[in-house]
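# Residue-level structural notes
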Amino acid sequence: MKKEQVVSCQFSVWYPIFKKHTIKSLILPLPQNVIDYLLDDGTLVVSGREEPPSHSQNNNSGEEEEIQWSDDETTATATAPEFPEFTLKVQEAINTLDGSVFPKLNWSSPRDANWIAMNSSLQCQSLSDIFLLFKSSDFIAHDLTQPFIHCNDDSPDPQINYELVLRKWCELIPGGEFRCFVKENKLIGISQRDYTQYYDHISKQEDDTYRSIQDFFQENIQYKFLDEDFVFDVYRDSRGRVWLIDFNPFGEVTDSLLFTWEELTSGTDLRDENSGEETTEQASPAFRYTTSDVTVQPSPSLSYRIPRDFVDLSTGEDAYKLIDFLKLVRVILLFC
């Protein structure tokens, strides 16, 4: 995968071309002080609230009660940073989009952090909602720190102008989402997006779904995207209309779902999994979906609810954390 493929999948690059086929969105440049705040590893402090918090006051004694938290002058107080101009622009954009939005950066949304929101959803109504999700998301951190880590070309990293993308909030049924894989401008595979669940309507509407996605690709996307190898996500609504959701790079940085990247890049006919015969052109794409509730699996996003240190310890990916953990155990045993 080349860096130019990653660049072409930025939202602000493809949105103007396919605007009429996707959800209404607004794009705001991300100020450097906001980027610095998102990358700060300190204690999570949620800022961006539009109204100051209210304080209840008990005046039964007729005197104002003073609360003394600490006499230590060295005690540091966490103060929420303020971005008044950016906060105003974000709130105006949210109001324009009917008061609720789905947020993302140039490439990724914080879908790994929905567990931390009060409503366990990516639906946001203020900048503070967005900050809470962004500060808790590994996907957002990846966009900001190493977007080209999986690229294999030696060209210099392109200059990235980071942007906040706000999309009008729509209640999408997971069973209507599909991921499509395009190689050399040919649609080679379609996969159920939420492959961990079984949706009965997909099998019942298999032919209609397959045909509508293929027609949508040929009429609206084929030969119009900036690269010939890419991945795109679509949503098919209850009326059978197909909507474009997003573009992703054609490579391992993108989840291959019910396919493997080995077979997607091998050139074999994906419609026959048992065939090893090479083919130069595939007449129609393979369509894969979960066919039985027996195969239902836990969502991969559940792993992001575990602290990263726990994951590193369990997999042995960070030797220094293991050493620190063993030292801690030794200290505990000495005091037991």
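Rules behind the numbers
Residues numbered from 1 in each chain as written. Predicted model: local features only at pLDDT ≥ 70, side-chain atom pairs only at ≥ 80, totals over all residues. Heavy atoms only, no water. Pairing = 2+ DSSP bridges. Helix = DSSP H or I, 4+ residues; strand = E, 2+ residues; numbered from the N terminus. Axes fitted to C-alpha atoms, helices over the stretch in contact; angles between N-to-C directions. 1 Å grid on protein atoms, 1.4 Å probe; cavity = no way out; pocket = protein on both sides within 12 Å on 5 of 7 lines; lining within 4 Å. Points joined across faces, edges and corners; volume = space filled by probe spheres on them. Salt bridge = Lys/Arg side-chain N within 4 Å of Asp/Glu carboxyl O. Core = buried A, V, L, I, M, F, W, Y, C linked by side-chain atoms within 4.5 Å. Buried < 20%, exposed > 50% of the residue type's maximum accessible area, 1.4 Å probe, protein only. Contact = heavy atoms within 4.5 Å. pLDDT = per-residue confidence, 0-100. Expected span 1.5 Å × (residues − 1). Phe/Tyr/Trp six-rings, centres within 6.5 Å; stacked < 30°, edge-to-face > 60°. Lys NZ or Arg CZ within 6 Å of the ring centre and 35° of its normal.

### Describing the sheet that holds strand S1 (residues 25-29)
- Taken in spatial order, the three strands make up an open sheet running S1-S3-S2, and their pairing is antiparallel. The sheet is open, and its two borders are formed by S1 and strand S2 (101-104), each paired with just one other strand. The average angle at which neighbouring strand axes cross in this sheet is 20 degrees, direction not considered.
- Taken together, the four bridges between S2 and strand S3 (residues 163-168) define a ladder with antiparallel strand orientation. Bridging across to S3, Phe102 finds its partner in Arg167.

### Description of empty space enclosed by the protein
- The full count for this structure, using the stated rule, is one cavity of 30 Å³ or more.
- Reported here for the largest cavity is a volume of approximately 30 Å³.
- For the lining of the largest cavity, the secondary structure elements donating two or more residues are helix H3 (32-39) and helix H5 (127-135).
- With four residues, H5 is the largest single contributor of residues to the lining of the largest cavity.

### Quick look at the pattern of salt bridges
- Overall, the coordinates contain nine salt bridges when judged by the stated rule.
- The shortest N-O distance in the salt bridge between Asp157 and Lys3 comes to 2.6 Å. Residue Asp157 is found in the loop between helix H6 (138-145) and S3, and its partner Lys3 is found in helix H1 (residues 3-8); the two are separated by 154 residues along the sequence.
- In the salt-bridge network here, residues are joined through shared partners; they are Arg179, Arg193 and Asp233.

### Concerning the nonpolar core
- Leu30, Val90, Leu166, Ile221, Phe232 and Phe247 are the most contacted members of the largest nonpolar core, which has 61 residues in total.
- Setting aside anything within four residues of it in sequence, one finds Ile221 in contact with Phe18, Phe216, Phe230, Phe232, Leu244 and Phe247.
- Counting nine residues, the second-largest nonpolar core is a separate cluster that includes Phe259, Trp261, Leu264 and Leu270.

### Brief notes about the confidence of the model for the protein
- For the protein, the average pLDDT comes to 83, and 72% of its residues sit at 70 or higher.
- Contacts for the low-pLDDT stretch residues 274-281, under 50 throughout, to residues beyond four places or in other chains number eleven contacts.

### Digging into unusual backbone geometry
- Backbone geometry at Asp98 places phi at a positive 70 degrees, although glycine is not the residue there.
- Take Asp98: its relative accessible area is 58%, and that puts it in the exposed class.
- Positive phi, close to 50 degrees, is recorded for Ser120, a residue that is not glycine.
- Here Ser120 shows up in the loop between S2 and H5.

### Digging into helix H8 (residues 206-221)
- Its 16 residues give H8 an end-to-end C-alpha distance of 21 Å, which sits within 8% of 22 Å, the value for a rise of 1.5 Å per residue.
- Among the residues of H8, those classed as buried are Thr209, Tyr210, Ser212, Ile213, Gln214, Phe216, Phe217, Asn220 and Ile221.
- Here the buried face of H8 lies against helix H2 (11-18), strand S4 (177-183), strand S5 (186-192), strand S6 (230-236), strand S7 (242-249) and strand S8 (286-288).
- Just downstream of H8 lies Tyr223, where phi reads positive at about 70 degrees.

### Digging into the packing of aromatic side chains
- For the structure shown, the criterion picks out 21 aromatic pairs.
- On the numbers, 4.9 Å between centres and 20 degrees between planes, the contact of Phe11 with Tyr15 is stacked. Taken together, the residues Phe11 and Tyr15, both in helix H2 and four residues apart, mark about one turn of the helix. Of the two residues examined, Phe11 and Tyr15, each falls in the buried class.
- Between Trp107 and Phe148, the aromatic rings sit 6.3 Å apart at their centres with planes inclined by 80 degrees, giving edge-to-face as the arrangement. Taken together, the positions of Trp107 in the loop between S2 and H5 and Phe148 in the loop between H6 and S3 put the pair 41 residues apart, joining distant regions of the chain. One exposure class covers both Trp107 and Phe148, and it is buried.
- Grouped by ring-pair contacts, the aromatic residues Phe11, Trp14, Tyr15, Phe18, Phe217, Phe225, Phe230, Phe232 and Phe247 constitute a single cluster.
- We note Lys135 situated over the ring of Tyr37; from NZ or CZ to the ring centre the distance is 4.6 Å.

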